[in-house]
Amino acid sequence: MIGAIMECRACQREVNGELFLCNKCSLNLRDNLNEIPALQFEAANFLTPGRSGSGFVSTERSIGFNVAAMDYSIASDILPLLHDYEAKIRRGRKLTPPALLQRQPSIDLEVAATASFHLAHLDWTLKQEWVGDFSAEVKKIHAKGLSVTKKFIEKPRRIPCPTDGCKAHVVIDIENLLSGVTCLKCKASWTLYRLIQLAMDNPNRRFWLDMEAICLWLNMTKREVLKVVKVHKIPKRNGLYDIAAIVKKRHDEFHEKNL
Ligand SMILES: [Zn+2]
Ligand SMILES: [Zn+2]
């Protein structure tokens, strides 16, 4: 007989011992459970246009009301899922059944209460065969929270410092064009707007940006950008595009049209 080697129920990596999730997947589950209440609370700030504090326009905003944020804010997916599994845990551990618990006075508090219940019992949950399904569902809910509060576009973007001889990269926030940016290495400062112009004008450097940032910067839709990329064979690297090449092609097109 071979010893009990099990597979992680989420990523199929090998796990030893009595847990059904590997270390990494356990940590992810814990983080997700930790963050869901904050995401749910924040979702209320994304219901209507102009309340997000950024110029980003999504299709959902253009209809004037963000339905996904509303759903998230009233926890219409979160609570049924977490309560379901909470009931399962309470049965399994012979705790007070849900019917005998007092309801929290608000949705926010209800979400916070069930999330902290799950965190408190996580060590036990990790030993249950169903933890793979549970972690997958929690991951889905967490991802939805990130997308309604649009955390996913807040990832830092880095561009090469345009100062000659400086090899550093500068972290930028593409949504705040007028904010100041400083290179930590050469200490030069610019507004973001100026920095990007300088970087694009530097013939010795290629300047890569992701699709979302390019759309924001050039005020184009994803479809329009992809069309330029395809027609003009714009250089690509790891899902990033050479924005200076796109700007140049657009400029050329504009001149051809107006000749
Ligand atoms: Zn795993
Ligand atoms: Zn620099």
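For the structure itself, look to the data block above.
Predicted model, so just to flag it, every value in this text is computed and none were measured.

Engineer: Please explain the overall build of the protein chain as it appears in this structure.
Structural biologist: Counting its secondary structure elements, the protein chain contains eleven helices and nine strands. Among the 259 residues that make up the protein chain, the fraction classed as buried is 39%. By sequence separation, contacts in the protein chain at least 24 residues apart represent 57% of the contacts at least 6 residues apart. Taken as a whole, the protein chain presents about 15800 Å² of accessible surface, with 54% of it coming from carbon and sulfur.

Engineer: What should I look at first to understand the pattern of salt bridges in this one?
Structural biologist: Note on pairing: side chains with opposite charge can pair once their charged atoms come close. By the definition in use, this model includes six salt bridges. In this structure, Glu 18 engages Lys 127 in a salt bridge whose closest nitrogen and oxygen atoms are separated by 4.0 Å. Here Glu 18 is found in the loop between strand 2 (14-15) and helix 1 (23-43), whereas its partner Lys 127 is found in the loop between helix 6 (122-125) and helix 7 (131-148), with 109 residues between them in sequence. Here Glu 18 falls in the exposed class, since its relative accessible area comes to 55%. Lys 127 gets classed as partly exposed once you look at its relative accessible area, which sits at 36%.

Engineer: Honestly, the sheet that holds strand 8 (residues 236-237) in this entry has me stumped. Any pointers?
Structural biologist: Across the sheet, which stays open at both edges, the three strands sit in the order 7-9-8 with antiparallel pairing between neighbours. Every interior strand has two partners, whereas the edge strands, strand 7 (208-209) and strand 8, have only one. Across two bridges, the pairing between strand 7 and strand 9 (residues 240-242) is antiparallel. If you follow Leu 209 over to strand 9, its bridge partner there is Tyr 241.

Engineer: Help me understand helix 1, please; the structure alone is not making it clear to me.
Structural biologist: Residues spaced three or four apart along an α-helix face the same direction, because each turn holds 3.6 residues. Look at helix 1: 30 Å from first C-alpha to last across 21 residues, which is about the 30 Å you get at 1.5 Å a residue. Approximately 35 degrees is the largest bend angle found in helix 1, and it occurs at Glu 35, with the proline Pro 37 only one to four residues beyond. Every buried residue of helix 1 is accounted for by Cys 25, Ser 26, Leu 29, Asn 32, Leu 33, Ile 36, Pro 37, Leu 39, Gln 40 and Ala 43. Looking at the buried side of helix 1, the elements it contacts are helix 3 (67-73), helix 4 (78-92), helix 5 (107-120), helix 6 and helix 7.

Engineer: Is there a simple way to think about the coordination of the zinc ion (ligand 1) in this case?
Structural biologist: Every protein donor of the zinc ion (ligand 1) is accounted for by Cys 8 (SG), Cys 11 (SG), Cys 22 (SG) and Cys 25 (SG), and the metal-donor separations fall at 2.3 Å. Mapped onto the polypeptide sequence, the residues donating to the zinc ion (ligand 1) form the spacing pattern C-x2-C-x10-C-x2-C. This pair shows no difference in class: Cys 22 is buried, exactly as Cys 25 is.

The rules behind each value
- Residues numbered from 1 in each chain as written.
- Chains lettered and ligands numbered in written order.
- Predicted model: local features only at pLDDT ≥ 70, side-chain atom pairs only at ≥ 80, totals over all residues.
- Heavy atoms only, no water.
- Helix = DSSP H or I, 4+ residues; strand = E, 2+ residues; numbered from the N terminus.
- Buried < 20%, exposed > 50% of the residue type's maximum accessible area, 1.4 Å probe, protein only.
- Contact = heavy atoms within 4.5 Å.
- Areas by Shrake-Rupley, 256 points an atom, 1.4 Å probe, with all protein chains shown as cover.
- Salt bridge = Lys/Arg side-chain N within 4 Å of Asp/Glu carboxyl O.
- Pairing = 2+ DSSP bridges.
- Expected span 1.5 Å × (residues − 1).
- Bend = angle between axes of the 7 residues up to and from the residue.
- Donors = N, O, S within 2.8 Å, 3.2 Å for Na, K, Ca; no water.

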